[in-house]
Amino acid sequence: MAKPGPVLLTAACTALGALLLTSLPASAAPPPGPRDPHPVREGAGRDDTAAPREAAPGAAGARGGLVTTEAGPRGDGGYPRRTTLAVPPADPADKSIKLGLAPYHALAPRLNALQKLGDRVSVEVAGRSAGGHELYLVTVTAPESAREAREQERMRERIENAPAAAAKDARIKAAYKTPVFINNNIHGNEWEGTDAALELIEELATATDRKTAGLLATTRVYLNVTANPDGRIAGTRANGDGFDLNRDFITASQPEARAIRRIAIDKQPAVMLDLHGYVNGTLIEPTTPPHGENYEYDLFLKNSYANALGMEKAVNGLGYTEAKDGVRPVVIPFRDEEEGWDDWPPIFTPQYMPFQGAVAAHTIEFPMTVNNRAYDTLPEAELRRRAAINVDIAGAAMRATLDHTLAHRASLIADQIETFRRGAAGEAQRPVSEETVPGVPGIGPEDVYTTTFPRGYVIPAGRSQRSAVAAARLVDHLVANDVRVGRARDGSYVVDLRQPKRGMANVILAEGRDISADVSTMYDISGWSLGLLWGATVKKVTAGPLPVAVRTVHAAAPTGWVAPHGDLLLRLDDPKELAAVNALLAQGVKVRRTADGAALVPGSARAAARVLADRFGVVFRAAKERGAEAQGTVPLGRTRVVASATAGEVFALREMGFEVVPVSTEILNAGFDWSDADVLFVSRGLDHGRLTPAAREALRTSGAGVVGVGAVGAAFNAAAGLLPVTAVEGNGDANGVVAVRNAGGALTGGAPAHTFVYSPLWFTDLGAGVRVEQAYGTGAPLVSGHWRATGPDGRGGPADAAGEASVISGTAAGGAPVVLFGTEPLFRDHPKGVFAQVGRALLAGQRAR
């Protein structure tokens, strides 16, 4: 199909050569089947992404930052800021090539050429992917002198930090450039946004019409060309660490997510798009309920819906039809569907961006499937036809958004200011209604999600607090998300919610909400509280004065310390403490484990302990302070973990310093060498029933302990005949934060009173020798999330789990220790405060040597 003229631009574009492969002509395609009235997006449900065979370990608490390789052609901070990008070697295996799209290695030369077209295009390196590939951030705007660029930055800071004054600032109204952020290819095998972005950049760089000049004089357009180069090259949804990056924004475990977070904070976009595939007809958010209760949703819905209508008109106006091309008309879920596409959790890019000031943010799902099975089975000509349509549709959405931004510049900026002003003033939210959001049809009580913000939060800290290292991690995470944190005279941290980004602060720290009764299904996780799951003590102040913050902090105070005399005691309540003890063991230090699960370190290792205390912020107390004695302790060795697990779990295990060897049923059947293995960790991908007799015997006689998680771990336990228990599965779609009761001792001593579940299960009919290490809270254990009973008998809900065993331990017939979790203690590298339960289980599972 011939491409129509640009929606925004009228000038012809200068050809740059054949760096982008041309698409084949369109041909008729069979129409798709009927649309699912309750869609579930690809990747929803319990995380089951396999760990990469040699995934790199991550660093807990590391942050990405915006990096530029040169200051600019003038070196004065103005625009354009040109960077000569290094060109990576050509990779003929890049999965983009088959689709007629730009392979990653073609992006740098293309961007280098685009910068030379004039004075509108700047390129910076925003960071590196997990696999080491550069992330390219392009800025397109009219040229700015250093003085003009500094003024834009002053106005941006005034909008956030003095919003009441900014609302009256005539200079901001006249001269501030609206920031628009377009994020592409965050799912690596959803390619086409990148190619549409390249076309748009070229158009904006070369167009000579007045409309484009007006746009660039009043707008900065930021484009993350590919947010996931690892996945783009490999044709995978995940990045090189095996993570779905569009599930990582509340945790920010991955460098790509941290780079986008830095862009959001530094550029403060008022409008953003996130380009995805594949849903037919093209899906354009805003979504169905539930809507995130920490947003200023009246402002968000007003702008997002209006922009969605403009994108719909542009996409449908391209002329594609279902009969001729297989392309259905646009769907706007808020308007067209009842539920199934919610914007509740801040784990997705467009659901994170409102907390950094976006008043219009959208997922765009272009329609024509080219990944997964389609990639492997369809003819190349058909794949290229589909990809070309997707590029066309993605470009139309981008251009329509720029049209909307140009036409509504004043109101977009005013509404971003108002978002920050409400937070700073501590005002109540405005529930959405036909009165508060005029012109948006179909608003009903099912769309009203608001919260009552507390006055603030207090996070105690100091060496006397067992959670000092967790408090420091949480404070650093708040600061990294641009939340203001103060320090009181007693050393505690204070988060005053009368601040511009109160929504960001509250979405991190609040307990969350049980939304089980509000909707029948959820797209992804429904509870995530860092206040309950990251191991720190967090006190909510609902009313009254907060402790006086005597200074603003930009990083948590150091927490590491080593007692000056005698043997040392290291609590193992936190993943960083596990990392420290594993580092000592790797150095050959003779560490022993106490009966309550702590680590006893000889005083002779004090120098090594000081280094680790500084690196991880952990506290090595004097052993005599706890009355610990070597008598009754057991020696620890370096734990070698064989894991059939998700990418997030392997990442978390490596964060804690464990040696991890990923395996599968097939690898064990091929003749795995168990001689160096201590513990088998099982949560996915390992079916005992499919093991060969030889593989089963090798496992049985290895002496390795077993740590099982979820239904797969429980099934493995049953098939292998390890512990005599019955595993009861709850609602497979249930997830959230639950209250638990810990038995204490070597496994759950010092553990938090909350944990995370996805597809929760519990254990009954416990046989002789099976110990309950943790149980679900009595009454109503679900604190926040979505967990309904299922089936005609109404079973599988939280009431059935209440009081039942959630974590159990025992010894198998051959003497190997076994621990089974009905919870998700390492889910997506997120619930940091719960990690140590797994770490302790692995240490306890070491086999004698």
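See the structure shown above.
Novice: How would you explain the overall build of the chain if you had to name every residue and give the values?
Specialist: When you go through the chain residue by residue, the secondary structure sums to 27 helices and 30 strands. Buried positions account for 62% of the 849 residues belonging to the chain. When contacts within the chain are restricted to residue pairs at least 6 apart in sequence, those whose partners lie at least 24 apart make up 80%. Surface accessibility of the chain: about 29,600 Å² in total, with carbon and sulfur atoms responsible for 53%.

Novice: Pulling in residues and values, what's your account of the sheet that holds strand β13 (residues 561-562)?
Specialist: The strand order across the open sheet built from six strands is β13-β17-β14-β16-β15-β18, with neighbouring strands paired in mixed fashion. The sheet is open, and its two borders are formed by β13 and β18 (634-635), each paired with just one other strand. With three bridges connecting them, strand β14 (residues 568-570) and strand β16 (residues 599-601) associate as antiparallel partners. Residue Leu568 lies in a different strand from β16, and its bridge partner there is Val601.

Novice: Requested: an account of the side chain of Gln115, with residues and values cited.
Specialist: Inspection of the secondary structure assignment puts Gln115 in helix α1 (residues 104-115). A polar contact of 2.7 Å, which involves the side chain of Gln115, links it to the backbone oxygen of Thr83.

Novice: Lay out the nonpolar core with the relevant residues and their values.
Specialist: By size, the foremost hydrophobic cluster in this structure holds 141 residues, and its most contacted members are Leu111 and Val495. One finds Val562, Ala580, Ala599 and Leu653 within the second-largest nonpolar core, a separate group that totals 51 residues.

Novice: Can you tell me about the environment of Arg81, naming the residues and giving the values?
Specialist: Its place among the elements puts Arg81 in the segment before α1. Residue classification places Arg81 among the buried positions, given a relative accessible area of 18%. Taking the C-alpha atoms as reference, Arg81 lies 8.9 Å from Gln115; in sequence the two are 34 residues apart. Within the structure, the side chain of Arg81 is placed 3.1 Å from the backbone oxygen of Gly78, a separation counted as a polar contact.

Novice: Mind laying out the environment of Ala556, listing which residues take part and the relevant values?
Specialist: Tracing the backbone shows Ala556 in the loop between β12 (549-553) and β13. The class of Ala556 is buried, set by a relative accessible area of 16%. A sequence separation of 70 residues divides Ala556 from Gly486, and the C-alpha atoms of the two residues are 9.9 Å apart. Once residues lying within four places of it in the same chain are set aside, the contact partners of Ala556 are Ala472, Val475, Asp476 and Tyr493.

Novice: So, the pattern of salt bridges: which residues are in play, and what are the values?
Specialist: Evaluated as defined, the whole model comprises 51 salt bridges. Arg110 is paired through a salt bridge with Glu202; the nearest N and O atoms lie 2.6 Å apart. With Arg110 in helix α1 and Glu202 in helix α5 (residues 192-206), this residue pair connects regions lying 92 residues apart in the sequence. The class of Arg110 is buried, set by a relative accessible area of 5%. You can call Glu202 buried: its relative accessible area is 9%.

Novice: Let's hear about unusual backbone geometry: which residues, and what values?
Specialist: In the segment running from Asn280 into Gly281, the intervening peptide bond is cis, with an omega of 5°. For Gly281, the position within the fold is in the loop between β5 (271-277) and β6 (283-284). Look at Asp829: it is not a glycine, yet its phi comes out positive at around 60°. Within the fold, Asp829 resides in the loop between β30 (817-821) and α27 (835-844).

Novice: I'd like to hear about helix α6 (residues 210-218), residue by residue, with values.
Specialist: By the burial criterion, the buried members of α6 are Thr212, Leu215 and Leu216. Seen from one end, α6 has its buried residues packed into an arc of 90°, which puts them on one side. Looking at the buried positions of α6, the neighbouring elements they touch are β2 (134-140), α5, β4 (219-224) and α14 (380-407). Sitting at the head of α6, Asp209 places a side-chain oxygen 3.3 Å from the backbone nitrogen of Lys211.

Novice: So what about the packing of aromatic side chains? Which residues, and what values?
Specialist: Inspection of every chain in the model, using the stated rule, returns 19 aromatic pairs. Pairing Trp762 with Trp787 gives two aromatic rings, centres 6.4 Å apart and planes at 40°, and the pair type is tilted. Of this pair, Trp762 sits in strand β26 (residues 761-764) while Trp787 is found in the loop between β28 (782-786) and α26 (798-801), placing the two residues 25 residues apart along the sequence. In this structure Trp762 comes out as buried when scored by relative accessible area, which is 4%. Linked through ring pairs, Tyr295, Tyr297, Phe300 and Phe355 together constitute an aromatic cluster. Sitting above the plane of the Tyr375 ring, Lys98 keeps its charged end 4.5 Å from the centroid.

Reading the values: rules and limits
Residues numbered from 1 in each chain as written. Predicted model: local features only at pLDDT ≥ 70, side-chain atom pairs only at ≥ 80, totals over all residues. Heavy atoms only, no water. Helix = DSSP H or I, 4+ residues; strand = E, 2+ residues; numbered from the N terminus. Buried < 20%, exposed > 50% of the residue type's maximum accessible area, 1.4 Å probe, protein only. Contact = heavy atoms within 4.5 Å. Areas by Shrake-Rupley, 256 points an atom, 1.4 Å probe, with all protein chains shown as cover. Pairing = 2+ DSSP bridges. Polar contact = N/O pair within 3.5 Å; in protein donor to acceptor, adjacent residues only side chain to side chain. Core = buried A, V, L, I, M, F, W, Y, C linked by side-chain atoms within 4.5 Å. Salt bridge = Lys/Arg side-chain N within 4 Å of Asp/Glu carboxyl O. Arc of directions from axis to C-beta. Phe/Tyr/Trp six-rings, centres within 6.5 Å; stacked < 30°, edge-to-face > 60°. Lys NZ or Arg CZ within 6 Å of the ring centre and 35° of its normal.

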